[in-house]
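Residue-level structure breakdown
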2 protein chains.
Amino acid sequence: MESQTEKRPARRRDAEENRARIVAAAREVYASAGFDAPFDAIARHAGVGRATLYRNFPDRYALGAAIVEDDLGTLEALAREHGDRPDAFMALLSAIVERHTETHALVPALLRGPGEPALQALVPRVTRLLTVPLRRARTAGLVRDDLTLADVIDVLTMLAAVLADDGTGRSRERRMARALELLIHGLVPREPVHSHPSRR
Amino acid sequence: MESQTEKRPARRRDAEENRARIVAAAREVYASAGFDAPFDAIARHAGVGRATLYRNFPDRYALGAAIVEDDLGTLEALAREHGDRPDAFMALLSAIVERHTETHALVPALLRGPGEPALQALVPRVTRLLTVPLRRARTAGLVRDDLTLADVIDVLTMLAAVLADDGTGRSRERRMARALELLIHGLVPREPVHSHPSRR
DNA sequence: ATCGAAACGGACAGTAGTGTCCACTTGAGC
DNA sequence: GCTCAAGTGGACACTACTGTCCGTTTCGAT
(Lines give C-alpha, C1' and ligand atoms only; values in the text may rest on other atoms or scores of the structure.)
Protein backbone atom coordinates (compact mmCIF):
# COMPACT_ATOMS: atom_id res chain seq x y z
CA MET A 1 0.00 0.00 0.00
CA GLU A 2 3.05 2.23 0.07
CA SER A 3 4.37 0.89 -3.20
CA GLN A 4 4.25 4.17 -5.11
CA THR A 5 4.22 6.77 -2.40
CA GLU A 6 6.62 9.64 -2.84
CA LYS A 7 9.80 7.84 -3.80
CA ARG A 8 10.02 6.73 -7.38
CA PRO A 9 13.73 5.91 -7.78
CA ALA A 10 14.72 6.93 -11.29
CA ARG A 11 12.31 8.97 -13.45
CA ARG A 12 13.23 10.96 -16.43
CA ARG A 13 12.52 14.64 -16.11
CA ASP A 14 10.31 14.79 -19.21
CA ALA A 15 8.29 11.83 -17.94
CA GLU A 16 7.70 13.59 -14.67
CA GLU A 17 6.58 16.70 -16.49
CA ASN A 18 4.20 14.78 -18.66
CA ARG A 19 2.66 13.09 -15.68
CA ALA A 20 2.02 16.42 -14.06
CA ARG A 21 0.59 17.84 -17.24
CA ILE A 22 -1.73 14.87 -17.53
CA VAL A 23 -3.08 15.25 -14.02
CA ALA A 24 -3.68 18.92 -14.60
CA ALA A 25 -5.44 18.22 -17.87
CA ALA A 26 -7.53 15.55 -16.23
CA ARG A 27 -8.71 18.01 -13.62
CA GLU A 28 -9.94 20.34 -16.30
CA VAL A 29 -11.48 17.70 -18.52
CA TYR A 30 -13.24 15.94 -15.67
CA ALA A 31 -14.49 19.29 -14.52
CA SER A 32 -15.96 20.31 -17.82
CA ALA A 33 -17.01 17.00 -19.34
CA GLY A 34 -17.63 14.82 -16.32
CA PHE A 35 -15.82 11.83 -14.97
CA ASP A 36 -16.55 9.62 -17.94
CA ALA A 37 -15.20 11.96 -20.54
CA PRO A 38 -13.32 10.05 -23.25
CA PHE A 39 -10.02 9.02 -21.81
CA ASP A 40 -8.51 10.05 -25.07
CA ALA A 41 -9.73 13.62 -24.68
CA ILE A 42 -7.55 13.96 -21.62
CA ALA A 43 -4.51 12.85 -23.55
CA ARG A 44 -5.23 15.31 -26.30
CA HIS A 45 -5.87 18.11 -23.83
CA ALA A 46 -2.59 17.33 -22.11
CA GLY A 47 -0.80 17.29 -25.43
CA VAL A 48 0.49 13.75 -25.10
CA GLY A 49 -0.24 10.53 -26.94
CA ARG A 50 -2.75 8.11 -25.56
CA ALA A 51 -0.08 5.54 -24.89
CA THR A 52 1.71 7.93 -22.58
CA LEU A 53 -1.45 8.41 -20.62
CA TYR A 54 -2.04 4.67 -20.32
CA ARG A 55 1.53 4.12 -19.24
CA ASN A 56 1.09 6.50 -16.34
CA PHE A 57 -2.44 5.51 -15.40
CA PRO A 58 -3.93 2.16 -16.30
CA ASP A 59 -7.48 3.51 -16.32
CA ARG A 60 -9.62 6.52 -15.48
CA TYR A 61 -9.92 5.41 -11.90
CA ALA A 62 -6.20 5.42 -11.32
CA LEU A 63 -6.09 8.90 -12.74
CA GLY A 64 -9.01 9.94 -10.55
CA ALA A 65 -7.22 8.49 -7.57
CA ALA A 66 -4.15 10.59 -8.31
CA ILE A 67 -6.26 13.73 -8.33
CA VAL A 68 -8.14 12.80 -5.21
CA GLU A 69 -4.90 11.96 -3.49
CA ASP A 70 -3.64 15.47 -4.14
CA ASP A 71 -6.81 16.96 -2.76
CA LEU A 72 -6.75 14.70 0.25
CA GLY A 73 -3.28 15.94 1.04
CA THR A 74 -4.51 19.51 1.12
CA LEU A 75 -7.53 18.62 3.21
CA GLU A 76 -5.53 16.63 5.70
CA ALA A 77 -3.22 19.57 6.13
CA LEU A 78 -6.21 21.78 6.76
CA ALA A 79 -7.55 19.36 9.33
CA ARG A 80 -4.21 19.35 11.08
CA GLU A 81 -4.21 23.14 11.19
CA HIS A 82 -7.56 23.17 12.92
CA GLY A 83 -6.37 20.72 15.53
CA ASP A 84 -9.29 19.69 17.66
CA ARG A 85 -11.26 22.90 17.38
CA PRO A 86 -14.94 21.97 17.10
CA ASP A 87 -15.40 24.05 13.96
CA ALA A 88 -12.88 21.96 12.07
CA PHE A 89 -15.68 19.85 10.64
CA MET A 90 -17.53 22.70 9.01
CA ALA A 91 -14.27 24.12 7.74
CA LEU A 92 -13.50 20.81 6.11
CA LEU A 93 -16.92 20.67 4.57
CA SER A 94 -16.45 24.09 3.04
CA ALA A 95 -12.99 23.24 1.83
CA ILE A 96 -14.26 20.09 0.18
CA VAL A 97 -16.97 22.06 -1.54
CA GLU A 98 -14.42 24.56 -2.72
CA ARG A 99 -12.18 21.90 -4.14
CA HIS A 100 -15.29 20.46 -5.69
CA THR A 101 -16.01 23.56 -7.65
CA GLU A 102 -12.42 23.51 -8.74
CA THR A 103 -11.78 19.93 -9.59
CA HIS A 104 -15.20 18.44 -9.85
CA ALA A 105 -13.56 15.15 -9.16
CA LEU A 106 -13.17 14.35 -5.52
CA VAL A 107 -16.36 12.78 -4.35
CA PRO A 108 -17.97 11.86 -7.63
CA ALA A 109 -14.88 9.98 -8.64
CA LEU A 110 -14.73 8.37 -5.26
CA LEU A 111 -18.32 7.27 -5.26
CA ARG A 112 -18.87 6.16 -8.79
CA GLY A 113 -17.21 3.03 -10.04
CA PRO A 114 -18.21 1.23 -6.88
CA GLY A 115 -15.38 -0.96 -5.85
CA GLU A 116 -12.71 0.33 -8.16
CA PRO A 117 -9.65 -0.72 -6.18
CA ALA A 118 -7.63 2.39 -6.93
CA LEU A 119 -10.35 4.58 -5.50
CA GLN A 120 -11.62 2.26 -2.83
CA ALA A 121 -8.16 2.37 -1.32
CA LEU A 122 -8.69 6.05 -0.58
CA VAL A 123 -11.99 5.63 1.24
CA PRO A 124 -10.38 4.83 4.59
CA ARG A 125 -8.36 8.01 4.25
CA VAL A 126 -11.52 10.03 3.72
CA THR A 127 -13.05 8.26 6.66
CA ARG A 128 -10.10 9.05 8.86
CA LEU A 129 -10.14 12.64 7.68
CA LEU A 130 -13.72 13.22 8.72
CA THR A 131 -14.43 10.93 11.65
CA VAL A 132 -12.75 12.84 14.42
CA PRO A 133 -13.82 16.35 13.34
CA LEU A 134 -17.36 15.06 12.98
CA ARG A 135 -17.37 13.65 16.49
CA ARG A 136 -15.92 16.87 17.88
CA ALA A 137 -18.55 18.96 16.12
CA ARG A 138 -21.28 16.67 17.33
CA THR A 139 -20.34 16.77 20.98
CA ALA A 140 -19.88 20.53 20.73
CA GLY A 141 -23.41 20.78 19.41
CA LEU A 142 -22.39 22.38 16.14
CA VAL A 143 -24.17 19.69 14.16
CA ARG A 144 -27.16 17.55 15.07
CA ASP A 145 -26.14 14.74 17.32
CA ASP A 146 -27.51 11.97 15.14
CA LEU A 147 -25.34 12.92 12.19
CA THR A 148 -23.33 9.94 11.01
CA LEU A 149 -20.39 9.60 8.70
CA ALA A 150 -22.64 7.88 6.18
CA ASP A 151 -24.84 10.96 6.27
CA VAL A 152 -21.88 13.16 5.54
CA ILE A 153 -20.87 11.01 2.60
CA ASP A 154 -24.38 11.31 1.22
CA VAL A 155 -24.26 15.05 1.73
CA LEU A 156 -21.11 15.17 -0.34
CA THR A 157 -22.80 13.07 -2.98
CA MET A 158 -25.64 15.54 -3.07
CA LEU A 159 -23.35 18.50 -3.42
CA ALA A 160 -21.45 16.77 -6.17
CA ALA A 161 -24.72 16.30 -8.04
CA VAL A 162 -25.46 20.00 -8.02
CA LEU A 163 -21.99 20.58 -9.29
CA ALA A 164 -22.28 18.01 -12.04
CA ASP A 165 -25.55 19.45 -13.23
CA ASP A 166 -24.89 21.82 -16.06
CA GLY A 167 -27.21 24.29 -14.47
CA THR A 168 -28.92 26.67 -16.78
CA GLY A 169 -28.57 29.72 -14.64
CA ARG A 170 -26.28 30.79 -11.83
CA SER A 171 -22.59 30.08 -11.71
CA ARG A 172 -21.33 26.88 -10.22
CA GLU A 173 -19.85 28.69 -7.27
CA ARG A 174 -23.11 30.36 -6.37
CA ARG A 175 -25.14 27.23 -6.73
CA MET A 176 -22.72 25.21 -4.64
CA ALA A 177 -22.67 27.81 -1.93
CA ARG A 178 -26.43 27.94 -1.91
CA ALA A 179 -26.76 24.17 -1.83
CA LEU A 180 -24.41 23.98 1.10
CA GLU A 181 -26.38 26.68 2.88
CA LEU A 182 -29.62 24.79 2.31
CA LEU A 183 -28.08 21.60 3.57
CA ILE A 184 -26.66 23.17 6.66
CA HIS A 185 -29.73 25.07 7.70
CA GLY A 186 -32.50 23.05 6.13
CA LEU A 187 -35.57 23.92 4.14
CA VAL A 188 -37.67 24.58 7.20
CA PRO A 189 -37.17 27.96 8.85
CA ARG A 190 -35.22 28.24 12.07
CA GLU A 191 -37.19 29.05 15.20
CA PRO A 192 -38.68 32.25 13.79
CA VAL A 193 -37.83 35.13 16.10
CA HIS A 194 -35.50 34.49 18.98
CA SER A 195 -32.43 35.52 20.87
CA HIS A 196 -29.23 34.96 18.85
CA PRO A 197 -29.83 34.93 15.10
CA SER A 198 -27.88 31.73 14.44
CA ARG A 199 -24.64 33.53 13.50
CA ARG A 200 -24.11 31.63 10.17
CA MET B 1 -47.79 20.85 -28.17
CA GLU B 2 -50.96 18.78 -28.15
CA SER B 3 -49.97 16.72 -31.15
CA GLN B 4 -49.79 13.39 -29.39
CA THR B 5 -51.80 13.93 -26.26
CA GLU B 6 -54.39 11.30 -25.41
CA LYS B 7 -55.97 10.69 -28.78
CA ARG B 8 -54.07 8.49 -31.13
CA PRO B 9 -56.68 7.62 -33.77
CA ALA B 10 -56.05 4.07 -34.90
CA ARG B 11 -53.54 1.88 -33.07
CA ARG B 12 -53.36 -1.83 -33.18
CA ARG B 13 -53.90 -3.54 -29.89
CA ASP B 14 -50.55 -5.37 -29.91
CA ALA B 15 -48.74 -2.14 -30.67
CA GLU B 16 -50.38 -0.51 -27.70
CA GLU B 17 -49.38 -3.41 -25.49
CA ASN B 18 -45.81 -3.28 -26.67
CA ARG B 19 -45.63 0.40 -25.96
CA ALA B 20 -46.81 -0.16 -22.44
CA ARG B 21 -44.40 -3.02 -21.94
CA ILE B 22 -41.56 -0.85 -23.17
CA VAL B 23 -42.34 1.96 -20.77
CA ALA B 24 -42.56 -0.48 -17.89
CA ALA B 25 -39.27 -2.06 -18.88
CA ALA B 26 -37.66 1.35 -19.21
CA ARG B 27 -38.69 2.21 -15.67
CA GLU B 28 -36.95 -0.87 -14.36
CA VAL B 29 -33.86 -0.57 -16.49
CA TYR B 30 -33.39 3.13 -15.80
CA ALA B 31 -33.87 2.37 -12.14
CA SER B 32 -31.25 -0.33 -11.96
CA ALA B 33 -28.75 0.76 -14.58
CA GLY B 34 -29.18 4.51 -14.70
CA PHE B 35 -30.52 6.80 -17.36
CA ASP B 36 -27.83 6.04 -19.89
CA ALA B 37 -28.23 2.32 -19.81
CA PRO B 38 -27.87 0.87 -23.30
CA PHE B 39 -31.03 1.66 -25.17
CA ASP B 40 -30.85 -1.84 -26.49
CA ALA B 41 -31.05 -3.33 -23.00
CA ILE B 42 -34.47 -1.80 -22.59
CA ALA B 43 -35.68 -3.45 -25.76
CA ARG B 44 -34.36 -6.78 -24.62
CA HIS B 45 -35.85 -6.38 -21.17
CA ALA B 46 -39.20 -5.52 -22.71
CA GLY B 47 -38.93 -8.50 -25.00
CA VAL B 48 -39.19 -6.52 -28.22
CA GLY B 49 -36.81 -5.83 -31.04
CA ARG B 50 -34.81 -2.64 -31.07
CA ALA B 51 -36.66 -1.37 -34.11
CA THR B 52 -39.94 -1.53 -32.23
CA LEU B 53 -38.47 0.54 -29.48
CA TYR B 54 -37.14 3.14 -31.89
CA ARG B 55 -40.45 3.31 -33.67
CA ASN B 56 -42.22 4.22 -30.46
CA PHE B 57 -39.54 6.48 -29.06
CA PRO B 58 -36.93 8.16 -31.25
CA ASP B 59 -34.40 8.32 -28.43
CA ARG B 60 -33.89 7.80 -24.73
CA TYR B 61 -35.16 11.24 -23.97
CA ALA B 62 -38.50 10.64 -25.61
CA LEU B 63 -38.80 7.50 -23.57
CA GLY B 64 -37.82 9.35 -20.43
CA ALA B 65 -40.40 11.97 -21.22
CA ALA B 66 -43.10 9.32 -21.46
CA ILE B 67 -42.23 8.05 -18.01
CA VAL B 68 -42.01 11.49 -16.52
CA GLU B 69 -45.31 12.39 -18.07
CA ASP B 70 -46.98 9.50 -16.29
CA ASP B 71 -45.48 10.54 -13.00
CA LEU B 72 -46.42 14.14 -13.54
CA GLY B 73 -50.02 13.09 -13.99
CA THR B 74 -50.01 11.40 -10.63
CA LEU B 75 -48.34 14.32 -8.93
CA GLU B 76 -50.69 16.86 -10.44
CA ALA B 77 -53.62 14.83 -9.18
CA LEU B 78 -52.06 14.85 -5.74
CA ALA B 79 -51.58 18.58 -5.89
CA ARG B 80 -55.22 19.03 -6.84
CA GLU B 81 -56.29 16.90 -3.90
CA HIS B 82 -54.40 19.11 -1.53
CA GLY B 83 -56.02 22.22 -2.93
CA ASP B 84 -54.39 25.24 -1.38
CA ARG B 85 -53.52 23.70 1.94
CA PRO B 86 -50.10 25.03 2.95
CA ASP B 87 -48.71 21.54 3.51
CA ALA B 88 -49.27 20.64 -0.12
CA PHE B 89 -45.68 21.52 -0.92
CA MET B 90 -44.12 19.10 1.54
CA ALA B 91 -46.57 16.42 0.47
CA LEU B 92 -45.49 16.91 -3.11
CA LEU B 93 -41.86 16.73 -2.12
CA SER B 94 -42.42 13.43 -0.36
CA ALA B 95 -44.43 12.09 -3.23
CA ILE B 96 -41.70 12.99 -5.67
CA VAL B 97 -39.15 11.26 -3.51
CA GLU B 98 -41.36 8.19 -3.35
CA ARG B 99 -41.75 8.07 -7.10
CA HIS B 100 -38.01 8.56 -7.26
CA THR B 101 -37.27 5.43 -5.31
CA GLU B 102 -39.69 3.65 -7.58
CA THR B 103 -38.81 4.93 -10.99
CA HIS B 104 -35.47 6.56 -10.52
CA ALA B 105 -36.28 8.57 -13.57
CA LEU B 106 -38.21 11.72 -12.92
CA VAL B 107 -35.76 14.39 -12.04
CA PRO B 108 -32.51 12.90 -13.28
CA ALA B 109 -34.05 12.39 -16.67
CA LEU B 110 -35.42 15.85 -16.60
CA LEU B 111 -32.20 17.49 -15.65
CA ARG B 112 -29.64 15.60 -17.62
CA GLY B 113 -29.54 16.03 -21.35
CA PRO B 114 -29.82 19.77 -20.92
CA GLY B 115 -32.04 21.09 -23.61
CA GLU B 116 -33.41 17.83 -24.96
CA PRO B 117 -36.63 19.11 -26.48
CA ALA B 118 -38.74 16.15 -25.42
CA LEU B 119 -37.82 16.70 -21.80
CA GLN B 120 -37.52 20.44 -21.85
CA ALA B 121 -41.15 20.57 -22.88
CA LEU B 122 -42.07 19.11 -19.50
CA VAL B 123 -40.17 21.64 -17.45
CA PRO B 124 -42.95 24.23 -17.50
CA ARG B 125 -45.30 21.57 -16.21
CA VAL B 126 -42.99 20.83 -13.31
CA THR B 127 -42.72 24.52 -12.70
CA ARG B 128 -46.46 24.93 -12.67
CA LEU B 129 -46.81 21.95 -10.38
CA LEU B 130 -44.54 23.40 -7.74
CA THR B 131 -44.79 27.16 -7.94
CA VAL B 132 -48.09 27.71 -6.19
CA PRO B 133 -47.63 25.15 -3.42
CA LEU B 134 -44.17 26.57 -2.79
CA ARG B 135 -45.53 30.08 -2.44
CA ARG B 136 -48.31 28.89 -0.12
CA ALA B 137 -45.84 27.02 2.06
CA ARG B 138 -43.56 30.02 2.15
CA THR B 139 -46.19 32.51 3.25
CA ALA B 140 -47.46 29.98 5.78
CA GLY B 141 -43.94 29.80 7.20
CA LEU B 142 -43.60 26.09 6.58
CA VAL B 143 -40.43 26.63 4.60
CA ARG B 144 -37.82 29.36 4.85
CA ASP B 145 -39.03 32.45 3.10
CA ASP B 146 -36.04 32.79 0.77
CA LEU B 147 -36.62 29.38 -0.78
CA THR B 148 -36.89 29.65 -4.55
CA LEU B 149 -38.07 27.28 -7.19
CA ALA B 150 -34.50 26.97 -8.42
CA ASP B 151 -33.56 25.84 -4.92
CA VAL B 152 -36.24 23.20 -5.02
CA ILE B 153 -35.00 21.91 -8.35
CA ASP B 154 -31.52 21.65 -6.93
CA VAL B 155 -32.89 19.83 -3.91
CA LEU B 156 -34.48 17.32 -6.22
CA THR B 157 -31.20 16.97 -8.07
CA MET B 158 -29.48 16.24 -4.80
CA LEU B 159 -32.00 13.64 -3.81
CA ALA B 160 -31.72 12.00 -7.19
CA ALA B 161 -27.98 11.74 -6.68
CA VAL B 162 -28.37 9.80 -3.47
CA LEU B 163 -30.76 7.54 -5.26
CA ALA B 164 -28.43 7.01 -8.19
CA ASP B 165 -25.54 6.13 -5.94
CA ASP B 166 -25.35 2.41 -5.58
CA GLY B 167 -24.85 2.86 -1.89
CA THR B 168 -22.95 0.15 -0.16
CA GLY B 169 -25.16 -0.07 2.88
CA ARG B 170 -28.74 0.82 3.68
CA SER B 171 -31.64 0.33 1.33
CA ARG B 172 -32.55 3.00 -1.15
CA GLU B 173 -35.74 3.80 0.68
CA ARG B 174 -33.98 4.37 3.97
CA ARG B 175 -31.25 6.50 2.42
CA MET B 176 -33.75 8.62 0.52
CA ALA B 177 -35.84 9.16 3.60
CA ARG B 178 -32.80 10.12 5.57
CA ALA B 179 -31.52 12.47 2.87
CA LEU B 180 -34.89 14.19 2.75
CA GLU B 181 -34.89 14.53 6.50
CA LEU B 182 -31.41 16.05 6.45
CA LEU B 183 -32.43 18.47 3.74
CA ILE B 184 -35.59 19.53 5.49
CA HIS B 185 -34.09 20.06 8.90
CA GLY B 186 -30.47 20.79 8.08
CA LEU B 187 -27.19 19.58 9.49
CA VAL B 188 -27.15 22.11 12.26
CA PRO B 189 -29.29 21.31 15.28
CA ARG B 190 -32.54 23.16 15.83
CA GLU B 191 -32.52 25.67 18.67
CA PRO B 192 -31.25 23.20 21.28
CA VAL B 193 -33.59 23.19 24.24
CA HIS B 194 -36.68 25.34 23.99
CA SER B 195 -40.44 25.51 24.21
CA HIS B 196 -42.07 23.49 21.44
CA PRO B 197 -39.78 20.75 20.12
CA SER B 198 -40.23 21.57 16.45
CA ARG B 199 -43.11 19.10 15.91
CA ARG B 200 -41.50 17.24 12.94
C1' DA C 1 29.86 12.95 -29.08
C1' DT C 2 28.09 8.45 -28.40
C1' DC C 3 25.15 4.89 -26.83
C1' DG C 4 21.57 2.34 -24.36
C1' DA C 5 17.56 2.60 -21.96
C1' DA C 6 13.46 5.14 -21.10
C1' DA C 7 9.78 7.41 -22.89
C1' DC C 8 7.05 8.90 -26.67
C1' DG C 9 2.93 9.03 -29.86
C1' DG C 10 0.71 7.49 -34.08
C1' DA C 11 -1.38 3.48 -35.94
C1' DC C 12 -4.13 -0.65 -35.38
C1' DA C 13 -7.40 -4.01 -34.07
C1' DG C 14 -11.19 -5.00 -30.96
C1' DT C 15 -15.66 -3.87 -28.70
C1' DA C 16 -20.08 -1.79 -27.51
C1' DG C 17 -23.73 0.96 -28.64
C1' DT C 18 -26.55 3.41 -32.18
C1' DG C 19 -29.89 3.91 -35.72
C1' DT C 20 -31.95 2.07 -40.15
C1' DC C 21 -33.50 -1.20 -43.49
C1' DC C 22 -36.31 -4.85 -45.08
C1' DA C 23 -38.31 -9.55 -45.43
C1' DC C 24 -41.60 -11.63 -42.56
C1' DT C 25 -45.72 -11.85 -39.29
C1' DT C 26 -50.05 -10.47 -37.30
C1' DG C 27 -54.29 -7.93 -36.28
C1' DA C 28 -58.60 -6.06 -37.95
C1' DG C 29 -61.94 -4.91 -41.46
C1' DC C 30 -64.44 -6.91 -45.26
C1' DG D 1 -61.18 -16.98 -44.36
C1' DC D 2 -58.92 -13.42 -47.11
C1' DT D 3 -56.41 -9.38 -47.72
C1' DC D 4 -53.45 -5.69 -46.78
C1' DA D 5 -51.73 -2.18 -44.08
C1' DA D 6 -49.60 -1.88 -39.58
C1' DG D 7 -46.36 -3.74 -36.94
C1' DT D 8 -42.31 -6.64 -35.86
C1' DG D 9 -37.42 -8.06 -34.99
C1' DG D 10 -33.07 -9.69 -36.78
C1' DA D 11 -29.33 -8.12 -39.63
C1' DC D 12 -26.30 -4.56 -41.14
C1' DA D 13 -23.47 -0.61 -41.59
C1' DC D 14 -21.59 3.13 -38.82
C1' DT D 15 -19.39 5.58 -35.05
C1' DA D 16 -16.92 6.37 -30.72
C1' DC D 17 -14.00 4.72 -27.48
C1' DT D 18 -10.63 1.54 -25.64
C1' DG D 19 -6.23 -0.61 -24.99
C1' DT D 20 -1.83 -2.32 -27.11
C1' DC D 21 2.00 -2.59 -30.23
C1' DC D 22 6.08 -0.86 -32.22
C1' DG D 23 9.24 2.21 -34.87
C1' DT D 24 11.12 6.67 -33.55
C1' DT D 25 12.76 10.28 -30.46
C1' DT D 26 14.88 12.06 -26.28
C1' DC D 27 17.26 11.94 -21.91
C1' DG D 28 21.27 11.36 -19.32
C1' DA D 29 25.31 8.83 -18.22
C1' DT D 30 29.97 7.83 -19.92
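Everything discussed here concerns the structure shown above.
Described below are features of the structure shown in this document. The model shown is predicted, which means the values in this text are computed figures rather than measured ones. (Residues numbered from 1 in each chain as written. Chains lettered and ligands numbered in written order. Predicted model: local features only at pLDDT ≥ 70, side-chain atom pairs only at ≥ 80, totals over all residues. Heavy atoms only, no water.)

**Some thoughts on the relation of the copies chain B and chain A**
Think of it as a corkscrew move, a rotation about one axis and a shift along it, taking one chain copy to the other. Keep this limit in mind: For the least-squares superposition of copies, only C-alpha atoms count, and only for residues with pLDDT at least 70 in both. We call two residues contacting when some pair of their heavy atoms lies within 4.5 Å.
When chain B is fitted onto chain A, the two copies agree to an RMSD of 0.1 Å after a turn of 180° and an axial shift of 0.1 Å. What the superposition gives is, in effect, a two-fold axis relating one chain to the other. Looking at the rotation axis and the C-alpha trace of chain B, the residue lying nearest is B:Gly186, at 1.8 Å. Of the interface residues in chain B, 100% have counterparts in chain A that sit at the interface too, so the contact is made through matching surfaces.

**Some remarks on the nonpolar core**
Applicable threshold: Residues enter a nonpolar core if they are buried and are Ala, Val, Leu, Ile, Met, Phe, Trp, Tyr or Cys, with the set joined through side-chain atoms within 4.5 Å. Each residue's exposure class comes from its accessible area (1.4 Å probe, protein chains only) as a fraction of the maximum for that residue type: buried when under 20%, exposed when over 50%, partly exposed otherwise.
One finds A:Phe89, A:Leu159, B:Phe89 and B:Leu159 to be the most contacted residues of the largest nonpolar core, which totals 72 residues. Residues within four places of B:Leu159 in sequence aside, it is in contact with B:Val97, B:His100, B:Met176, B:Ala179, B:Leu180 and B:Leu183.

**A short note on the packing of aromatic side chains**
Selection rule: Between rings of Phe, Tyr and Trp, where Trp is taken as its six-membered ring, a pair exists when centres lie within 6.5 Å; planes separated by under 30 degrees are stacked, by over 60 edge-to-face, and by other angles tilted. Only DSSP runs of H or I covering at least 4 residues are called helices, and only runs of E covering at least 2 are called strands; the numbering of each starts at the N terminus.
Taken as a whole and judged by the stated rule, the model has six aromatic pairs over all chains. Aromatic side chains A:Tyr30 and A:Phe35 sit 4.8 Å apart centroid to centroid with 50° between the ring planes, which places their arrangement in the tilted category. For the pair A:Tyr30 and A:Phe35, one class covers both residues: buried. A centroid spacing of 5.7 Å and a plane angle of 55° characterise the contact between B:Phe35 and B:Tyr61, whose relative ring orientation is tilted. Placement of the pair is B:Phe35 in the loop between α1 (13-33) and α2 (39-46) and B:Tyr61 in helix α4 (residues 60-82), with a sequence separation of 26 residues. Joined through ring pairs, the aromatic side chains of A:Tyr30, A:Phe35 and A:Tyr61 make up one cluster.

**What about the protein's contact with DNA strand D?**
Quick note on the threshold: Neighbouring residues are identified by heavy atoms, a residue being near a molecule or strand if any of them is within 4 Å of it. Here a polar contact means two N or O atoms within 3.5 Å. Within protein one must be a hydrogen donor candidate and the other an acceptor candidate, and residues neighboring in sequence count only if both atoms are side-chain atoms.
Neighbouring DNA strand D are 21 residues; A:Arg50, A:Arg60, B:Arg12, B:Asn18 and B:Arg55 lie closest to it. Sugar plus phosphate, as a fraction of atoms of DNA strand D within 4 Å of the protein: 59%. At a separation of 2.9 Å, a phosphate oxygen of DNA strand D approaches a polar backbone atom of A:Phe39. Between DNA strand D and B:Gly49, the relevant distance is 3.0 Å, taken from a phosphate oxygen to a main-chain nitrogen or oxygen of the residue. Where the surface near DNA strand D is concerned, the elements lending two or more residues are α1 (13-33), α2 (39-46) and α3 (50-56) of chain A together with α1 and α3 (50-56) of chain B. Per-element accounting of the surface near DNA strand D gives the leading share, four residues, to α3(B).

**Quick word on the environment of B:Arg44**
Residue and element names in this part refer to chain B. Structurally, Arg44 is set in helix α2. With relative accessibility at 57%, the residue Arg44 sits in the exposed group. The sequence separation of Arg44 and Ile22 amounts to 22 residues, and the corresponding C-alpha distance is 9.4 Å.

**Details of the pattern of salt bridges**
Our working definition: Definition used for salt bridges: Asp or Glu carboxyl oxygen within 4 Å of a side-chain nitrogen of Lys or Arg.
This structure, assessed with the given rule, holds 27 salt bridges over all chains. In this structure, A:Arg44 engages A:Asp40 in a salt bridge whose closest nitrogen and oxygen atoms are separated by 3.3 Å. Taken together, the positions of A:Arg44 and A:Asp40, both in helix α2 and four residues apart, correspond to about one turn of that helix. Owing to a relative accessible area of 27%, A:Asp40 belongs among the partly exposed residues under this scheme. We note a salt bridge from A:Glu181 to B:Arg144, for which the minimum N-O separation is 2.7 Å. Placement of the pair is A:Glu181 in helix α10 (residues 172-185) and B:Arg144 in the loop between α8 (123-139) and α9 (149-164), with the two residues belonging to separate chains. Residue class for A:Glu181 comes out buried when judged on its relative accessible area of 15%. In this structure B:Arg144 comes out as buried when scored by relative accessible area, which is 11%. Ionic contacts of the salt-bridge type, sharing partners, join the residues A:Arg144, A:Asp146, A:Asp151, B:Arg178 and B:Glu181 into one network.

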